[in-house]
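One letter stands for each residue in the lines below.
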Amino acid sequence: MSSFEPVLMANMALPDSHTLRVYESTGGYQALRRAIKELTPVQVIDAVKASNLRGRGGAGFPTGLKWTFLPKDHPGPIYMCINADESEPGTFNNRYLMELDPHQVIEGIILSSYATRATTAYIYLRYEYPLSWKRLQAALDECYAAGLLGKNILGSEFSLDVYLHKGAAAYICGEETGLIESLEGKRAWPRIKPPFPAIEGLFRKPTVVNNIETVACVTQIMARGVEWFKSIGVPSDPNNPRDPGSYGPKLYCLSGHVNNPGCYEAPLGITCRQLIDEYGGGVWKGRKGKAAIPGGISMGLFTEPEFDTPLDFAGPGKVGCLGLGTAAVVVLDETVSMVDFLHNSCRFFQHESCGQCTPCREGTAWALAMLNRIRAGKGRLRDLDLLLEIGDTIGIIPGTTICGLADGAAWPIKNAIRKFRGEFEDYIKRTNPHGYAVTEPVLALPVLAGAH
Amino acid sequence: MGIVIVDGQEIEVGEHERLNGIQVARRIGVEIPHYCWHPGLSVVASCRMCLVETGTRAPDTGKITMLPKLVPACQTPAKDGTVFVTNSKLVQDQRARVEEDLLIDHPIDCPICDKAGECLLQDYHFEHGQSERRADLRPFTSRRREMGDTVTLFVDRCVMCTRCVRFTREVSQTSELLVIHRGSHEEIDVFPGYPLDNKLSGNVVDLCPVGALGDKDFLYKQRVWFMKQHDGVCAGCSTGCSISIEENQDAVYRLKPRENPFINKWWMCDDGRYGYKHIHSPDRQIEPRRRRAAAGATTTASVPTASANGGISVADYANIEWSEIPSALLASLRAAIGGQSGALAAVLSPHLTVEEAYLLAKLARTLDPQAYIALGPVPVIGQDESYPQAFTIHAEKCPNRMGVAAVVAHFAGGHHTWDDFLARMETGALKAAWVSGGYRTPWIDEPTAARFAGLQALVVQDLFDSPLWRRATFQLPGAGFAERSGSYVNFAHRLQSFGWAIRPPAGAQVEGRLFWQLLGRRGLYDPRAVLNEIAGEIPYFAVAMDPVPKVGVDLRINQLAGTTS
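Quick notes on the rules
Residues numbered from 1 in each chain as written. Chains lettered and ligands numbered in written order. Predicted model: local features only at pLDDT ≥ 70, side-chain atom pairs only at ≥ 80, totals over all residues. Contact = placed C-beta atoms within 7 Å. Helix = DSSP H or I, 4+ residues; strand = E, 2+ residues; numbered from the N terminus. Nonpolar A, V, L, I, M, F, W, Y, C, P; charged D, E, K, R; others polar. Pairing = 2+ DSSP bridges. Axes fitted to C-alpha atoms, helices over the stretch in contact; angles between N-to-C directions. Buried ≥ 20, exposed ≤ 12 C-beta atoms within 10 Å, placed from the backbone. Right-handed = clockwise from strand over helix to strand, strands pointing away. Core = buried A, V, L, I, M, F, W, Y, C linked by C-beta atoms within 7 Å. Parallel < 35°, antiparallel > 145°, perpendicular 65-115°, else oblique. Left-handed = near helix turned anticlockwise from the far one by under 90°. Domains from an automatic or database assignment.

Engineer: Would you mind going over the interface of chain B and chain A in detail, with residue names and values included?
Structural biologist: The interface of chain B with chain A comprises 28 residues on the first partner and 27 residues on the second. Elements that contribute at least two residues to the side of chain B that touches chain A include exactly β4 (64-72) and α2 (89-103) of chain B. By residue class, the composition of the side of chain B that touches chain A is 14 nonpolar, five polar and nine charged.

Engineer: Explain the sheet that holds strand β2 (residues 9-13) of chain B to me, using residue names and the numbers behind them.
Structural biologist: Residues and elements named next belong to chain B. Spatial ordering of the open sheet is given by β2-β1-β5-β3-β4, a layout of five strands whose pairing is mixed. Strands at the two margins of the open sheet, each flanked by one partner only, are β2 and β4. Here the average twist between neighbouring strands, direction ignored, is 30°. With respect to the sheet, α2 is in contact with β3 (51-57), β4 and β5 (82-85), its orientation differing from that of β3 by roughly 155°.

Engineer: Can you tell me about the pairing of strand β2 (residues 120-125) of chain A, naming the residues and giving the values?
Structural biologist: Residue and element names in this part refer to chain A. Among the six residues that make up β2, six are buried, leaving the element largely enclosed by the rest of the structure. Bridge analysis of strand β1 (residues 79-84) against β2 gives six bridges, and the strand direction is parallel. What sits directly across from C81, in β2, is Y122. The sheet contact formed by β2 and strand β3 (residues 161-166) spans six bridges and is parallel. Each residue of the ladder has a partner; that of A121, found in β3, is V162. Once the chain exits β2 it traverses helix α7 (residues 130-145) before rejoining the sheet at β3, and the crossover so formed is right-handed.

Engineer: Kindly report on the nonpolar core, identifying the contributing residues and their values.
Structural biologist: Core analysis: the biggest nonpolar cluster contains 291 residues, and C81, I82, L275 and V329 of chain A together with A346 and L348 of chain B have the highest contact counts within it. Each residue touching C81 of chain A, except ones within four places of it in the same chain, is listed here: Y122, Y124, L179, I180, L183, L202, T207, V208 and V209 of chain A.

Engineer: Could you give an account of the packing of helix α5 (residues 93-100) of chain A against α7 of chain A, with specific residues and numbers?
Structural biologist: Residue and element names in this part refer to chain A. Running from amino to carboxyl end, α5 crosses α7 at an angle of 40°, the nearest separation of the two axes being 8 Å. Classified by the angle between their axes, α5 and α7 sit oblique to one another. Where α5 crosses over α7, the two elements pack in a sense that is left-handed. Contacts between α5 and α7 involve R95, M98 and E99 from the former and L131, S132, R135 and L136 from the latter. Classifying every residue of the contact of α5 with α7 gives three nonpolar, one polar and three charged.

Engineer: Give me the lowdown on the domain arrangement of chain A, citing residues and values where you can.
Structural biologist: Residues and elements named next belong to chain A. Split into domains, chain A comes out as domain 1 (20-231), domain 2 (246-333) and domain 3 (338-431). In this complex, domain 2 contributes 10 residues to the contact, which on the side of domain 3 involves 12 residues. Its residues assigned to classes, the side of domain 2 that touches domain 3 shows six nonpolar, four polar and no charged.

Engineer: With reference to specific residues and values, describe unusual backbone geometry.
Structural biologist: Across residues other than glycine, the phi torsion is negative in most instances, and most of the peptide bonds are trans. Residues and elements named next belong to chain A. A cis amide bond links G76 to the next residue, P77, at an omega of -5°. Turning to its location among the elements, P77 is positioned in the loop between α4 (63-68) and β1. A cis amide bond links P194 to the next residue, P195, at an omega of 0°. Within the secondary structure layout, P195 lies in the loop between α8 (176-183) and β4 (207-211). Backbone geometry places R117, a non-glycine residue, at a positive phi of 65°.

Engineer: Would you mind going over the packing of helix α13 (residues 338-352) of chain A against helix α14 (residues 358-378) of chain A in detail, with residue names and values included?
Structural biologist: Residue and element names in this part refer to chain A. Contact pair α13 / α14: the axes reach a minimum separation of 9 Å and the direction vectors enclose 150°. Between α13 and α14 lies a crossing of left-handed hand. Contacts between α13 and α14 involve V339, L342, H343, C346, R347, F349 and Q350 from the former and T364, A365, A367, L368, L371, I374 and R375 from the latter. Tallied by class, the residues present in the contact of α13 with α14 amount to nine nonpolar, three polar and two charged.

Engineer: Can you lay out the sheet that holds strand β21 (residues 457-462) of chain B for me, pointing to particular residues and giving the numbers?
Structural biologist: Strand pairing in a sheet takes place through backbone hydrogen bonds and is either antiparallel or parallel in direction. Residue and element names in this part refer to chain B. A sheet is described by the order of its strands in space; here seven strands give the open sequence β15-β14-β22-β21-β20-β16-β17, paired in mixed fashion. Each edge of the open sheet is held by one strand with a lone partner, namely β15 (317-319) and β17 (372-375). With direction set aside, neighbouring strand axes in the sheet form an average angle of 15°. Sheet analysis places strand β16 (residues 344-348) next to strand β20 (residues 432-436), joined by four bridges and oriented parallel. The partner of A346 across the bridge, within β20, is W434. On the sheet, helix α7 (residues 325-337) packs against β14 (289-291), β16, β20, β21 and β22 (474-477) and is oriented at approximately 140° with respect to β21.

Pasting the structure below:
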């Protein structure tokens, strides 16, 4: 194991780590006190910008840059939305933060709101996290009592209210505009952009949507400095001027077929194999790994040789995956059928597609129907090409949908079939020995009663 | 001023025009297929049928940079330098895929679907779809569910464009319709106990690009390809919505709104939409009759022979051929007037067209140069109902009060109302009257009709039996709104011209034609020629001298000019 000292998770082992007393005893809220006393909001934004902090929610958009999209001199209100609707399969790092160190998150929220001049913040919490709900609410109450929230925080001019909002368990509410719609009390159908939330978001006011882990990182950047943050991780690619690099610590979620699943903090850029072997104790039961999901199911698949890919924002893309996503690594051992994996993935996205855009609504359902048929022993080789066509043509990358859910649905299909095509073909030939090569549908003509 | 490029063709757009890709492409005749976009509703860009390639042309170098992905044309503003490519392989393939996607769950029951023939799913599939069905997966289902009294939903035909949902939220602002469930299980529905029940409900059927929402009034009545569309004007109230009258063999099957940005935008109300039935009512009068001269009676209208039920029996009347009417009618009126000046009155119904009202007034003045000209009763039912995003349904349930009142004012030199006319009759100065009706609801009661007792000749033109009808010397069955041609002036001084959509039932005669004939004019009744005459004679109508566009013309334009000169 490397010499890396956990930061985001540093307090989590302490007893009662979720209380204000423990958090303050380890230096908590000092960064906030200093920022409010000594720094202007613009200086906070500059610090976050200088740190090249990238959003931890999945897309990896630079946080400081996002904040600068807010209109200058807006009369307000400006809203801060904290995305805690952590529903990407395999992901649970926000839960660790909210349950075991909620004050680190809240300090980040206050700092981010201070920087963006937001006066109201909403935490959109996943429905399935009752303990997070309890701990966050208790922490908010403590903050109000201690003058860290409410009117004139710490005697300054700055006021902030934070509301905890529980979602109703829909994956699409994690999409930032879907979250905003849901928060407004509407059906969570992602909005068309432009206008982007920074211009017209919640209640048609400028809005910033940040992930829980992102704001926790803001706390650490303001506490430990930009230099510290940039000393961790992977610098930007000098050959790619648009690469902002992958700096800072990251909470990796490791699950699936490993000996020690869990949430681990590591510098951005460790390889998948390091994570599995050094943190997770290797693949379980002495088996070999077959594949791994690099960052939540929507990011696609690593094959075993691709385990050496660094898990930073640029790494997974180099081997055909969508990106780092939520850095939730799910390990599949050699016994797993890729057909079953893909079926499970398609079932999830068919169930969670919001149903707004035709290609995603119908494409995810069609893909699942084909997977169901393949598993029922009636698959045809042609189905694989159809699945690939669906995978290649849905999502915001080809431009056929409004939000990225469809890209997430497409990547497991594309990766699984392209990287494990032989297995799929064998499966279809084995289970449907007489019909696998049928290319045209043969429809039985119904006998029309009384036809003449 | 800006230049937008569509498929290599440059199009000029105005500085303040805010067009999207679909609208700008239409200017060069390129139709970008779309389901969810509608000019009267918010943009959701969710059907993904209108995906095109776009780019921008740099103003200085002229270099075109294309976006690497498809974008919805409905959501892309057409600004100076915007480039649209609507016919590339990428675009065409994606259209075919969307069509394929939409048909995965569709029952494809076109043979029994009312929408067949005017269905965008059919049209686009023919134009952009693929011949093979690759998604041979699910058994088709076909479920039907009631949305309200006027609209029914064929659940599985729906393509989830949400036009109807947006309509009830944004235009009628009643929000009855919603999307239930999620993803591919989505369906349109209403809340339990809150059916689709508003005065604009029928518009959701027009909005539906496929056969999902059906109009219960029209359901299974007629195949759309048998019907002919005629531009018309709704006669239900003084709003005067532009409509399309759809008929087959002289039977009207439905009315549809016709786009008119000045009046009804894209919509019409249910009162108007379903308010055409009276023209096919079995109670309509379809035989012209003349009262038999009662022996010894000096006044024809005074003493109707009472039958058992209080009315006069048909036996008091004899049918008369239309060919005999002109001479008999004129002779009867002349005899009643007896050369006395001011003894004839003509009551111009607000259901007449401007041309008909003018001709009737002319006719009356030909017979009696001092003839009294008055406006017929103006039916007012209930109160105005305002839909700020659409139009106001007026309580004044006639289409042409403004136009007829202007004609009356011209001839009479003042506003002679129905009450003025009744008062005039009380004085005994009148010997004969010509009353035009055309009302769809009972409009005159027995006591009022009894006040006509002093007349020697009474001509009544109407659609239905009434107390006055039973006192007439001549009963002349008139025309319904779809049978007339001419012009109406709506509440806001907008004059719209229209032609007839159906012929009146045998035995009824369109008022205008009769007046034309009685005035001894040659050839067929020509409302346009009459309108020219009116425009030259009555300053209020002067602007109608020019051809009247489909959306009508605002007569006040002329008035404003008149005040400044």
